[in-house]
Amino acid sequence: LTGKIPTSIGNLTKLLGFGANDNHLSGNLPDTIGNLIHLTMFEVYNNRLEGLLPPSISNLKEIYDLHLQGNLFSGELPASLGQMTHLFFLALNSNQFTGSIPSSFSDLSFLRVLEFYQNYLVGELPSPSQWGVLQYFDGANNMLSGNIPSSIADAKELYQIHLEGNHLSGSIPSSLTSLKKVYDVFLYDNNLTGPIPDSIGDMSSLTFLY
């Protein structure tokens, strides 16, 4: 498929799911996508879509699966994404997003998978204190700074953490070692200092630690 997603898609107000992955779609996401208030899945990964995410995307209150990865989207991530509180899977990776990660992402308490790697994001990580069911977290290869938040311990279901290739600083929080289900932790290519926590040996599920 080629060309743009037509603005008339906004007329399909009963639409529950839309998928057009691995095509050659281009142009912006039409603002009329905000009319699809019953949409639960929207997947357009690996296309040539570009520009800013339309503010109306936050109207999709029932969506739980949002795949925008592998495109050319740019600009800052809208804080209103944090209002999409049913999100289960949020993939924003491999785009050209800039700016900081909105603090409102901390409110996405149903997230199982959060991917925003390979962008140009800066600033600190949002607090993961409400990510109690998050399983996969990948923010690698951005320009994130600051410390790894100690509240990462509240994300007790995590099994993979990817934060490599950023500008994170400070020490590895000892609270990280309380995550008993984690089997992959990738923190290399940052500016971390200090010792490896003594309690690292308590992470009995670990298979890769970089």
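Just so you know, these numbers come straight off a predicted model, no measurement behind them.

What counts and how
- Residues numbered from 1 in each chain as written.
- Predicted model: local features only at pLDDT ≥ 70, side-chain atom pairs only at ≥ 80, totals over all residues.
- Heavy atoms only, no water.
- Buried < 20%, exposed > 50% of the residue type's maximum accessible area, 1.4 Å probe, protein only.
- Helix = DSSP H or I, 4+ residues; strand = E, 2+ residues; numbered from the N terminus.
- Pairing = 2+ DSSP bridges.
- Core = buried A, V, L, I, M, F, W, Y, C linked by side-chain atoms within 4.5 Å.
- Contact = heavy atoms within 4.5 Å.
- Patch = residues over 30% accessible without salt bridge, like charges linked within 9 Å, V, L, I, M, F, W, Y side chains within 5 Å.
- Areas by Shrake-Rupley, 256 points an atom, 1.4 Å probe, with all protein chains shown as cover.
- Salt bridge = Lys/Arg side-chain N within 4 Å of Asp/Glu carboxyl O.
- Phe/Tyr/Trp six-rings, centres within 6.5 Å; stacked < 30°, edge-to-face > 60°.

Comments concerning the pairing of strand 13 (residues 143–146)
Moving on, step 1. In strand 13, alternate side chains face the same way, and those of L144 and G146 are buried while those of M143 and S145 on the opposite face are not.
Moving on, step 2. Sheet topology note: the strand 11 (residues 120–123)/strand 13 ladder contains two bridges and is parallel. Within strand 13, the residue paired with G123 across the bridge is L144.
Moving on, step 3. Relative to strand 15 (residues 167–170), strand 13 runs parallel, the two sharing two bridges. Across the sheet, the residue bridging to S145 is H167, located in strand 15.

Quick notes on the nonpolar core
Moving on, step 1. Of all hydrophobic cores here, the largest spans 50 residues; its most connected members are L66 and F137.
Moving on, step 2. Leaving out residues up to four positions away in the same chain, F137 has contacts with L114, F116, L125, W131, L158, Q160, I161, H162 and L163.

Points about a nonpolar patch on the surface
Moving on, step 1. A surface patch of nonpolar side chains, about 250 Å² in accessible area, is lined by M41, Y64 and F88.
Moving on, step 2. Overall, the relative accessible area of 34% leaves Y64 in the partly exposed class.

Digging into the pattern of salt bridges
Moving on, step 1. Enumeration over the complete set of coordinates arrives at one salt bridge.
Moving on, step 2. Close ionic contact of E157 with K181 constitutes a salt bridge, the shortest N to O distance being 2.7 Å. Placement of the pair is E157 in the loop between strand 13 and strand 14 (160–162) and K181 in the loop between strand 15 and strand 16 (184–186), with a sequence separation of 24 residues.

A look at the packing of aromatic side chains
Two numbers describe a pair of aromatic rings. These are the distance of the centres and the angle of the planes.
Moving on, step 1. The final tally for this structure, using the stated rule, is nine aromatic pairs.
Moving on, step 2. Summarising the aromatic geometry, the rings of F18 and F42 are spaced 5.4 Å apart at their centres and angled 20 degrees between planes, so their arrangement reads as stacked. Taken together, the positions of F18 in strand 2 (residues 17–19) and F42 in strand 4 (residues 41–43) put the pair 24 residues apart, joining distant regions of the chain.
Moving on, step 3. What makes F42 buried here is its relative accessible area of 1%.

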